[in-house]
Amino acid sequence: MTNLDSLNPVQKQAVLSTDGPVMILAGAGSGKTKTLVTRITYLLEDKNVSPHQLLALTFSNKAAREMRERIAHEVTMDVGSLQITTFHAFCAKLLRSEANFLGLSRNFTIYDDGESKAIAKSLLERRGISTKEINPYDILSYIDGLKNNGYYPGRVMVDGGEADPSDEFFGYFEEYESELHRANALDFGGLITAVIQLFEKFPEVLQRYQNRFVYVLVDEYQDTNRAQFDLIRMLCGKRRNICVVGDEDQSIYSWRGADIRNILDFEKIFPDVTVLKLEQNYRSSKTIIEAASCVIERNTMRKGKHMWTDNPEGDAIEIVECFNDKDEAEFIAQETGKLYKAGTPYKEMAVFYRSNAQARQIEDSLRKYKIQYRVVGGVKFYERKEIKDMLSYLRLVINAKDSLAVSRIINVPARGVGATSLRKLEVEAVNNNTSLWDIIEKIGDHTSEFSHIKLSAKIKSSLTEFVTLINELRHLDQNKVKPSIIYEKVLHESGYYAFLKANKDYETLARLENLDELLNAITQFEESAEVPTLSGFLETITLDSNSDFDEGAKPADGEVSLMTVHGAKGLEFTHAFVVGAEENVFPSYRSVDSGEIAMEEERRLFYVAMTRAMIKLYITFAQGRMLFGQVKFNGPSRFIDEIPEKLFTWKKLKGRQEDHFNQSYSGGGNQKSFDPYDQSQDSHYDNEEVVYQIKESYYQPKFPKGAIVVHSLYGQGKVEDSEGSGADEKVSIKFADGARKKFMVKFAPIVMA
DNA sequence: CACCGTTAAGTTTTT
DNA sequence: CTTAACGGTG
């Protein structure tokens, strides 16, 4: 029997109300996941529901993994067939097994946003419209908007969201859809709408799933869009055992299509719903909860909840007024340093900012103070050029119709097939309503209908070579050869590796390293997946791009986390810094005069940020901030005004702090020691001093072979190799821990020991 | 076709 | 200030 003793009365009710529609409004830190896990455990163990009959949908893979692990920990039975998955992964899996209904084949490719954008661009190009006249992004937003509403071509919408065929973008939508169809591909939004379409056109398929899933559960319900809501409604249409869990106050993705009406109107759709509110917070101090509540209660578009906690009063919130953004960053570094000395491990601290651009300044100061940190989010591994190139090869192996992949790699490395030739082939493909691959494969064959296409013999022969390679790879894949072997074959036999190697610059090194990491990822996938197929790998990385495999060894005390407020949702830290709490920054300038709806979302964001903190919350802002090249004086955020005065202390940092640093860190006049505060060593090229320094040392290497040097991040090491001089000087250093790294001297923070 | 200089714009990104 | 993306040139 499942033990419910550790649950509070509402949580208990949330577990026990298994039948009929239930909406759980779970405030921040209210033990939501615990409740969900117990609910599922209860269904499995006490109500004898088979794992096969349960479906739990989440938004992120991380949430799905966490829930699955916790359930596996709780129950004794095998939870292998338990479907705890993301909306997109669920749809992808379903579509692969039912693909034939929609004229897709099961090996369809999933296009990410970047690929969708590439298609939008090519549609414009095809019509001879410059991207200056029409921004491809606008077309995409339009298409995305339709898909978020659950629209697919020809769908009859019940309550709005219908496409208006007279809209100037509607044509693009239709063309985009047929382009994807020709490529045997779906985009993220299309994964959802395709399932809706499947269910509407083939009720017998829907019935199968309705019969199978006796209990359906949706996490982060506030983030669902209309399409996802439609899907849920269909799935649970028969038994109506639907349980949604969300918090309207944490809805921060409306710009991605999340429709807060899904929460606000749930009762209209399911009049017999049981609404439960988890209002007790187990995370934060009374002070933090009260402050956050005061802020969020200004919002009008909410169902209303009142958070409370049994936790202690705690410290006052610290509001810190800084002179400028630089001082703000210095304050963060000093304070995290102080906290650390006082016994708080770095991993318990986090800095939240509204936009990524704010990270840099903070990173700089943390580095200066040698505080361990990590930036969560940021540039994605799989979006790097070399990675996308290699993945395109692999995708083409799986799905021959993937024209986007073909056009990406047909001339990488150079095969003499430039834009013009590619253009010819593309036109031919469109005219014949076939795929690029089809044309390319047949072009060399004199008997084929495409042999008339005028291309030089040289191009034709390199195309044939390309076709042969891909076909060989396909053969390997069909014979269940390990993905890593296929990958290595492409890398080398496509000429890509040699092509990269031919370049000797600094960036190439990083690229080659990234390709190694990709191999690493594939190998790791092979070890962990039940059936390690190439298509499985590709799906994992498009639908779960965060599956970190490059998580290196972390320092024992952890690292201070730096992330956007969006990235912070669902996390908690004992000490949290909300930075840049200024008008036009947080709230963002984009939302400041875009009306109350946008402002309410900013307020929810601020609320999310505040409620991450368990023990102490810092809110900082700068009087003046460098924004778009000039100093702006925005004034403190309106959200600060919304916090009752008795809950915070206001500290105004005195003037510029820099003088302090120069005194304590300038290294006693030793010119050789690396001084991070010394402007002359920063990598600003517009700084005359730097130019001068480089010129002076032009004729001899600054760090000759054998020299003992100190790198500000990696510590002491020995120069193993040195090539070039002046601005082009490159050194290879072996560090104390045995690691070997290469640096461009002009970029690297290295000094002689 | 690759490189460079000019130009314009500048949130957030679970999948 | 930065960065991406376009268009012109060698």
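Now for a quick tour of the structure.

Reading guide: rules and limits
Residues numbered from 1 in each chain as written. Chains lettered and ligands numbered in written order. Predicted model: local features only at pLDDT ≥ 70, side-chain atom pairs only at ≥ 80, totals over all residues. Heavy atoms only, no water. Helix = DSSP H or I, 4+ residues; strand = E, 2+ residues; numbered from the N terminus. Buried < 20%, exposed > 50% of the residue type's maximum accessible area, 1.4 Å probe, protein only. Contact = heavy atoms within 4.5 Å. Polar contact = N/O pair within 3.5 Å; in protein donor to acceptor, adjacent residues only side chain to side chain. Phe/Tyr/Trp six-rings, centres within 6.5 Å; stacked < 30°, edge-to-face > 60°. Pairing = 2+ DSSP bridges. Near = heavy atom within 4 Å. Nonpolar A, V, L, I, M, F, W, Y, C, P; charged D, E, K, R; others polar. Axes fitted to C-alpha atoms, helices over the stretch in contact; angles between N-to-C directions. Left-handed = near helix turned anticlockwise from the far one by under 90°.

**A few points about the environment of threonine 574**
With respect to the helices and strands, the residue threonine 574 is situated in strand β15 (residues 573-578). Judged by relative accessible area, threonine 574 falls into the buried class, the value being 13%. For the pair threonine 574 and isoleucine 319, spaced 255 residues apart in sequence, the C-alpha to C-alpha distance is 17 Å. Those residues in contact with threonine 574, other than ones at most four positions away along the chain, are Thr344, Glu348, Met614, Ile615 and Lys616. There is a polar contact of 2.7 Å between the side chain of threonine 574 and the side chain of histidine 575.

**Examining the packing of aromatic side chains**
The relation between two aromatic rings is expressed through the spacing of the ring centres and the mutual angle of the planes. For the coordinates displayed, the defined rule picks out 27 aromatic pairs. A ring pair is formed by phenylalanine 606 and phenylalanine 639, whose centres lie 5.1 Å apart and whose planes are at 45°; its orientation type is tilted. Here phenylalanine 606 is found in helix α27 (residues 596-610), whereas its partner phenylalanine 639 is found in helix α28 (residues 638-641), with 33 residues between them in sequence. Of the two residues examined, phenylalanine 606 and phenylalanine 639, each falls in the buried class. Note on phenylalanine 621 and tryptophan 650: the rings are 5.6 Å apart at their centroids and 70° apart in plane angle, and the pair reads as edge-to-face. Highlighted residues: phenylalanine 621 in strand β16 (residues 613-627) and tryptophan 650 in strand β18 (residues 648-652), separated in sequence by 29 residues. Residue phenylalanine 621 is classed as buried on the basis of its relative accessible area, which comes to 2%.

**Observations concerning the pairing of strand β14 (residues 560-564)**
Where burial is concerned, most of β14 is hidden: five out of the five residues are buried. Across four bridges, the pairing between strand β12 (residues 349-353) and β14 is parallel. Across the sheet, residue valine 351 finds its bridge partner in β14, namely leucine 562. The pairing of strand β13 (residues 373-375) with β14 spans three bridges and is parallel. In the strand pairing of β14, valine 375 is matched with leucine 562.

**Points about the protein's contact with DNA strand C**
Neighbouring DNA strand C are Lys121, Thr131, Arg360, Phe628 and Gly629. A share of 50% of the atoms of DNA strand C within 4 Å of the protein falls on sugar and phosphate groups. A distance of 3.1 Å is found between a phosphate oxygen of DNA strand C and a side-chain nitrogen or oxygen belonging to arginine 360. For the surface near DNA strand C, the per-class residue count stands at one nonpolar, two polar and two charged.

**A few points about the protein's contact with DNA strand B**
Taken together, the neighbourhood of DNA strand B is formed by 28 residues, with Arg256, Arg354, Lys380, Gly418 and Thr564 sitting nearest. Close to the protein, within 4 Å, the atoms of DNA strand B are drawn from sugar and phosphate at a rate of 49%. The separation between a base oxygen of DNA strand B and a polar side-chain atom of tryptophan 255 is 3.4 Å. Between DNA strand B and asparagine 411 there is a distance of 3.4 Å, counted from a phosphate oxygen to a side-chain nitrogen or oxygen. With three residues, helix α26 (residues 589-592) is the single largest residue contributor to the surface near DNA strand B.

**As for the packing of helix α5 (residues 113-126) against helix α7 (residues 170-182)**
When two helices pack together, their arrangement is given by the angle between the helix axes and the distance between those axes. Following both chains from N to C, one finds α5 and α7 inclined at 120°, their axes separated by 10 Å at the closest point. At the point where α5 passes α7, the crossing takes the right-handed sense. Between α5 and α7, the contacting residues are Ser116, Ile119, Leu123, Leu124 and Arg126 on the first element and Tyr172, Glu175, Tyr176, Glu179, Leu180 and Arg182 on the second. Here the contact of α5 with α7 is built from residues that sort into six nonpolar, one polar and four charged.

**Comments concerning helix α21 (residues 483-493)**
Within the span of α21, buried status applies to Pro483, Ser484, Ile486, Tyr487, Lys489, Val490 and Leu491. Two residues or fewer after α21 comes glycine 495, characterised by a positive phi angle close to 90°.

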